[in-house]
Amino acid sequence: MKYGICTHALIPGRLEPSDKAEMTTQLLFGETYTVQDENKKWYLIENAHDTYTCWIDKKQHTALAKEQFELLASLPEKRCGDAIGFLDPRGGKRFPVPCSAIFPGYDGGHFTINTEDNKQTKTYDFDGRIARHDAESRVRHAKRLLNAPYLWGGKSAFGIDCSGLVQIVFNCAGIAMPRDAWQQAETGSTVDFIDTVQPGDLVFFDNDERRIIHVGIILETGKIIHASGSVRIDNIDHEGIYNEELQAYTHKMRIIKRYEVA
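Structure report, in brief. Quantities reported herein were computed from a predicted structural model and do not represent experimental measurements.

What follows concerns the side chain of T32. If you trace the backbone, T32 turns up in strand β4 (residues 32-38). On the accessibility criterion, T32 (6% relative accessible area) is buried. Sequence-distant contacts of T32, that is, excluding residues within four places in its chain, are made with G4, I5, E46, N47, A48, H49, L64, F69 and L72.

See below:
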């Protein structure tokens, strides 16, 4: 089996092995993966952090030895806590990384990645905020992404979808979360009433076929932050999300879930 790590700010993950195919997700800097299949130009990979599968361009692949892949999996996860942070690779050029990017073995402001067979070792310096695992972090990180444009499959401040927003915000808070909204709805403990919600609770919304199609994060009673056109704050009650600009309900509430910080 082949192993890899994302050493770009992000890598688009596609439904099919083609640049014209739908982007279903993105890999963020520091996320590792296994190669499940390949053709001449593409790898079918499984993200080690959420088991999501997608196709990535081979030109964006950075190989890891099995031993290094397993070592990185054993290290505590330190993540970028800024909406956009910057890395300075020693001997290279400074570049931006998104919120929730992983810094393996981060210590004293820097970390090192050894690629396949230790043929290439690179040390990165980071002077931004490291995500903290506390009860308020979900709300704090979500607000840092306000006004990010909606992008199907996106996971960064430059473009994000509703479940991508939830995944990276919760990952920053130390809570592992699946990629898609319907998968996220199967986790956590159920909250019975909207008037008993707490900041950081998730609310899921369905369509007429009862399929989960949307998710948002409670900021406080009556307010929710979610990605719909952009990352925005709207009103919420027992019926769903109410958009004051449209003077209408835009999403029908299905279920509320709560998650404890480890």
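All right, on to the sheet that holds strand β8 (residues 84-89) then. In spatial order, the strands read β9-β8-β11-β10; together these four strands make up an open sheet with antiparallel pairing. On the outer flanks of this sheet lie β9 (95-98) and β10 (110-114), each paired with one strand and no other. The sheet shows a mean angle of 35° between the axes of neighbouring strands, taken without regard to direction. Note that β10 and strand β11 (residues 121-126) share five bridges and pair antiparallel. By the bridge assignment for β11, I113 is matched with K122.

With 31 residues, the main nonpolar core has L145, I160, F170, L202 and I217 as its most contacted residues. Looking at this core, the elements with two or more residues in it are α2 (137-144), α3 (162-172), β15 (202-206), β16 (212-220) and β17 (223-228). Examining the composition of this core, we find that seven residues originate from one element, α3, more than from any other.

Attention now moves to the packing of aromatic side chains. Applying the stated rule across the entire model yields 13 aromatic pairs. An angle of 55° between the planes, with centres 6.0 Å apart, marks the rings of F29 and F95 as tilted. Here the residue F29 occupies a position in the loop between β3 (23-28) and β4, and F95 occupies one in strand β9, the gap between them amounting to 66 residues. When sorted by exposure, F29 lands in the same class as F95, which is buried. A centroid spacing of 5.2 Å and a plane angle of 15° characterise the contact between F111 and Y124, whose relative ring orientation is stacked. Linking F111 in strand β10 with Y124 in strand β11, this pair joins segments that are 13 residues apart in sequence.

Cut-off values and rules
- Residues numbered from 1 in each chain as written.
- Predicted model: local features only at pLDDT ≥ 70, side-chain atom pairs only at ≥ 80, totals over all residues.
- Heavy atoms only, no water.
- Helix = DSSP H or I, 4+ residues; strand = E, 2+ residues; numbered from the N terminus.
- Buried < 20%, exposed > 50% of the residue type's maximum accessible area, 1.4 Å probe, protein only.
- Contact = heavy atoms within 4.5 Å.
- Pairing = 2+ DSSP bridges.
- Axes fitted to C-alpha atoms, helices over the stretch in contact; angles between N-to-C directions.
- Core = buried A, V, L, I, M, F, W, Y, C linked by side-chain atoms within 4.5 Å.
- Phe/Tyr/Trp six-rings, centres within 6.5 Å; stacked < 30°, edge-to-face > 60°.

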